[in-house]
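Chains, contacts and geometry: an overview
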Amino acid sequence: MNRSIAAFERLIDSYAGYLSNKGIKFNPQGFPMLQPQMYLDEWPKLMVPYRDRKARFVHNPSRTVLCLFTGDARIYLRLKRVLDDIPEYLRYLGAVGSDLTVTSDMDLEWQQTIMLLNQLYMTTLAVNGVKVVQNLRCGSPSTIACLNCVPDGVMCATSTLGCADTDSELDLSFAEKLFATRPGKLLLYGKRDPIMEHQSDVAGVPYKVYPDVHTLYKRQSRI
């Protein structure tokens, strides 16, 4: 997906205006400030991407969290149609924040812009009654500061899809996010990463691992 900063900024302005009219406050960096009660607190039974919400293995929407751990083109479509999607989201237990790609090799301003857009999308769901889960997606270490808007103790999520396994206990990039946000609960989506799980234990963050949707489809085909 090839989108310009200008296109993203137009979408950001639209979200920001909408949220301001809903009474949302913004921190000095321009990130929206959610109240703790807007976050989901109940452990979900299942986590699936929005596009797979009607798969046969989704037996109980009220115990299922929807996520956007998928390709950027599909995510961007959801970002543009957020208000149209609200009634569908409300059928489910909650939603994980958007996951537009942000990586450390991007220009820092671009990283921050994407993280802001991801956060604005999640906040728009929240002000419309959807219980949300904070996505911990960051880029370079300096962008962890963008998560300062997240209240302590809320439920957070992260995905290992498309990521190399953490190969050393000395890699503290994930641990730094945990200590910066101090989640109350953590949802890990995708393949297991023993070091990430160990760092969660050390940080005192209870977590659950949820299989990715490809694994769920394979399980379904064997039944």
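The structure we're discussing is the one just above.
So, on to the overall build of the protein. Counting secondary structure elements, the protein contains 7 helices and 9 strands. At 17 Å, the protein has a C-alpha radius of gyration in line with the 17 Å of a compact globule built from 223 residues. Each principal axis of the C-alpha atoms in the protein carries an extent, and together these give about 45 × 40 × 35 Å. Going through the 223 residues of the protein one by one, you find that 52% of them count as buried. Summed over its atoms, the accessible surface of the protein is roughly 10800 Å², and 50% of this surface lies on carbon and sulfur atoms. Here the protein carries 26 positive and 23 negative side-chain charges, and the mean point of each set is 11 Å from the other.

Our next topic: the pairing of strand E3 (residues 46-49). Every second residue of E3 is oriented toward a common face, with Leu46 and Val48 on one face and Met47 and Pro49 on the other, all of them buried. Examined bridge by bridge, E3 and strand E4 (residues 64-67) share 4 bridges and lie parallel to one another. When the sheet's bridge partners are listed, Met47 is paired in E4 with Val65.

This brings us to the pattern of salt bridges. Tallying each qualifying case throughout the model produces 8 salt bridges. Between Glu88 and Arg53 there is a salt bridge, with its nearest N and O atoms 2.9 Å apart. Of this pair, Glu88 sits in helix H3 (residues 82-89) while Arg53 sits in the loop between E3 and E4, and the two are 35 residues apart along the sequence. Across the pair, exposure class does not vary: Glu88 and Arg53 are buried alike. A salt bridge links Asp85 to Arg78; the nearest nitrogen and oxygen atoms lie 2.6 Å apart. Here the salt bridges do not stand alone but share partners, grouping Arg53, Glu88 and Arg91 into one network.

Let us now look at the side chain of Asp72. Locating Asp72 in the fold gives a position in helix H2 (residues 72-80). Although Asp72 is buried, it forms no salt bridge, and the closest oppositely charged side chain is Arg137 at an N-O distance of 6.2 Å. Engagement of the side chain of Asp72 in a polar contact is seen with the side chain of Thr101, the distance being 3.0 Å.

For strand E8 (residues 185-189) and strand E9 (residues 207-210), the ladder comprises 4 bridges, and the chain directions are parallel. Of the residues in E9, the one forming a bridge with Leu187 is Lys208. Taking the sense of rotation as the criterion, the β-α-β connection linking E8, helix H6 (residues 194-203) and E9 turns out right-handed.

Before going further, it helps to examine the nonpolar core. In this structure, Met47, Leu79, Tyr89 and Leu125 are the most contacted members of the largest nonpolar core, which totals 72 residues. Element by element, the count of residues in this core is highest for helix H4 (residues 108-127), at 10 residues. Not counting chain neighbours up to four residues away, the residues in contact with Leu125 comprise Val82, Ile86, Tyr89, Ala95, Val130 and Val132.

What follows concerns the environment of Gly97. Within the secondary structure, Gly97 sits in the loop between strand E5 (94-96) and H4. Accessibility expressed as a relative area gives 2% for Gly97, which makes it buried. C-alpha separation for the pair Gly97 and Ala126, spaced 29 residues apart in sequence, amounts to 9.9 Å.

Here we come to the environment of Leu125. Relative to the helices and strands, Leu125 resides in helix H4. Between the C-alpha atoms of Leu125 and Asp85, which are 40 residues apart in sequence, the distance is 9.0 Å.

On to the packing of aromatic side chains, then. Tallied over the full model, the rule gives 5 aromatic pairs. Taking 5.1 Å as the distance between ring centres and 45 degrees as the angle between the ring planes, the aromatic pair formed by Tyr50 and Tyr89 counts as tilted. In this pair, Tyr50 is assigned in the loop between E3 and E4 and Tyr89 in helix H3, connecting sequence segments 39 residues apart. A residue is classified by how much of its surface remains accessible, and Tyr89, at 1% relative accessible area, is buried. Connected via pairs of aromatic rings, a cluster forms that spans Phe8, Tyr76 and Trp110.

The next thing to look at is the environment of Leu216. Following the sequence through the fold, Leu216 ends up in helix H7 (residues 213-222). Residue Leu216 is classed as buried on the basis of its relative accessible area, which comes to 8%. When sequence neighbours within four positions are dropped, the list of residues in contact with Leu216 reads Leu46, Met47, Val48, Phe57 and Pro211.

How each quantity is defined
- Residues numbered from 1 in each chain as written.
- Predicted model: local features only at pLDDT ≥ 70, side-chain atom pairs only at ≥ 80, totals over all residues.
- Heavy atoms only, no water.
- Helix = DSSP H or I, 4+ residues; strand = E, 2+ residues; numbered from the N terminus.
- Rg over C-alpha atoms; globule rule 2.2 N^0.38 Å.
- Buried < 20%, exposed > 50% of the residue type's maximum accessible area, 1.4 Å probe, protein only.
- Areas by Shrake-Rupley, 256 points an atom, 1.4 Å probe, with all protein chains shown as cover.
- Lys, Arg positive; Asp, Glu negative; His and termini not counted.
- Charge placed at Lys NZ, Arg CZ, Asp CG, Glu CD.
- Pairing = 2+ DSSP bridges.
- Salt bridge = Lys/Arg side-chain N within 4 Å of Asp/Glu carboxyl O.
- Polar contact = N/O pair within 3.5 Å; in protein donor to acceptor, adjacent residues only side chain to side chain.
- Right-handed = clockwise from strand over helix to strand, strands pointing away.
- Core = buried A, V, L, I, M, F, W, Y, C linked by side-chain atoms within 4.5 Å.
- Contact = heavy atoms within 4.5 Å.
- Phe/Tyr/Trp six-rings, centres within 6.5 Å; stacked < 30°, edge-to-face > 60°.

Functional significance is not addressed by these values, which are geometric in nature.
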